[in-house]
There are 2 protein chains.
Amino acid sequence: MITIQDFKKVELIVAVVRSVENHPNADKLFILRVDTGEGGERQLVAGIKGHYTPQELLGKRIIIVSNLAPATLRGAESQGMLLAAQDGEKLAILTTDKDVKPGARVG
Amino acid sequence: MITIQDFKKVELIVAVVRSVENHPNADKLFILRVDTGEGGERQLVAGIKGHYTPQELLGKRIIIVSNLAPATLRGAESQGMLLAAQDGEKLAILTTDKDVKPGARVG
């Protein structure tokens, strides 16, 4: 069990996918550029290749952990983490059920 | 900034809304019963009245914080927290972009 304070340490925001490229050194990873609102953009590395095509991702509203310490994945920096639900072999990206602007806070 | 360990303390799962009632003591709150998979069901109190009708919520896949200590909101116990993005006055519930089973873990 966690407290509401533990949860509030985690900053979740809406971001919009602007570009998708193959990771040069990893078969299962995409490198995404996402719009995080107010002119901000970030690079994310996400293990969703094989589950989504670049076309399915472009323009999509996704949910990211925005205050995670950057990590380097096979030589590419990830400035946040895309959230997805795992159901056996199926992977489903988290999104919002209405159009909200990039940078919108989740709570 | 937080670490991946901080984030992993927070358990997020997919749940499906099974019933929606007005909170007897609060104008802005609904009391939801949600399916959390494997026969599990929970009661959530959510401040989304005015943004959603019960009809819009029934059957919807939502994302909940499932390991939050229960809280009592105006006399009704909430056994978790529904996640939504706030964009000014607009509120948009988090969901998944594909049909996954209740109880599916988010990471």
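Residues numbered from 1 in each chain as written. Chains lettered and ligands numbered in written order. Predicted model: local features only at pLDDT ≥ 70, side-chain atom pairs only at ≥ 80, totals over all residues. Heavy atoms only, no water.

1. Observations concerning the relation of the copies chain B and chain A
- Mapping chain B onto chain A is achieved by rotating through 180° and translating by 0.0 Å along the same axis, at an RMSD of 0.0 Å. Such values leave the two copies arranged in the relation of a two-fold axis. Using C-alpha coordinates, one finds that chain B approaches the rotation axis most closely at Thr95(B), a distance of 2.8 Å. (Least-squares fit on C-alpha atoms with pLDDT ≥ 70 in both.)

2. Digging into the pairing of strand β8 (residues 84-87) of chain B
- With two bridges connecting them, strand β10 (residues 105-106) of chain A and β8(B) associate as antiparallel partners. Residue Val106(A) lies in a different strand from β8(B), and its bridge partner there is Ala85(B).
- In terms of strand pairing, β8(B) meets strand β9 (residues 90-96) of chain B through four bridges, oriented antiparallel. Following the sheet pairing, Gln86(B) is matched in β9(B) by Leu91(B). (Pairing = 2+ DSSP bridges. Helix = DSSP H or I, 4+ residues; strand = E, 2+ residues; numbered from the N terminus.)

3. Here's the deal with the interface of chain B and chain A
- Across the boundary between the two partners, chain B contributes 42 residues, which contact 42 residues of chain A.
- Summed over both sides, the interface between chain B and chain A buries roughly 3400 Å², with carbon and sulfur atoms accounting for 64% of that surface.
- When the area that chain B buries against chain A is broken down by residue, the three leading residues are Ile2(B), Asp97(B) and Lys98(B), summing to 17%.
- Seen at the junction of chain B and chain A, the total is four salt bridges.
- Our count for the chain B to chain A interface comes out at 23 residue pairs in polar contact (both at pLDDT 80 or more).
- For the side of chain B that touches chain A, the elements supplying multiple residues, two or more each, are α1 (4-8), β1 (12-22), β4 (61-65), β7 (81-82), β8, β9 and β10 (105-106) of chain B.
- At seven residues, the largest contribution of residues to the side of chain B that touches chain A is made by β9(B).
- Residues of the side of chain B that touches chain A, tallied by class, amount to 25 nonpolar, seven polar and ten charged.
- Pairing of strand β9 (residues 90-96) of chain A with β9(B), which is carried by three bridges, proceeds in the antiparallel orientation. Paired with Thr95(A) across the bridge in β9(B) is Thr95(B). (Contact = heavy atoms within 4.5 Å. Buried area = accessible area lost by both parts, 1.4 Å probe. Salt bridge = Lys/Arg side-chain N within 4 Å of Asp/Glu carboxyl O. Polar contact = N/O pair within 3.5 Å; in protein donor to acceptor, adjacent residues only side chain to side chain. Nonpolar A, V, L, I, M, F, W, Y, C, P; charged D, E, K, R; others polar.)

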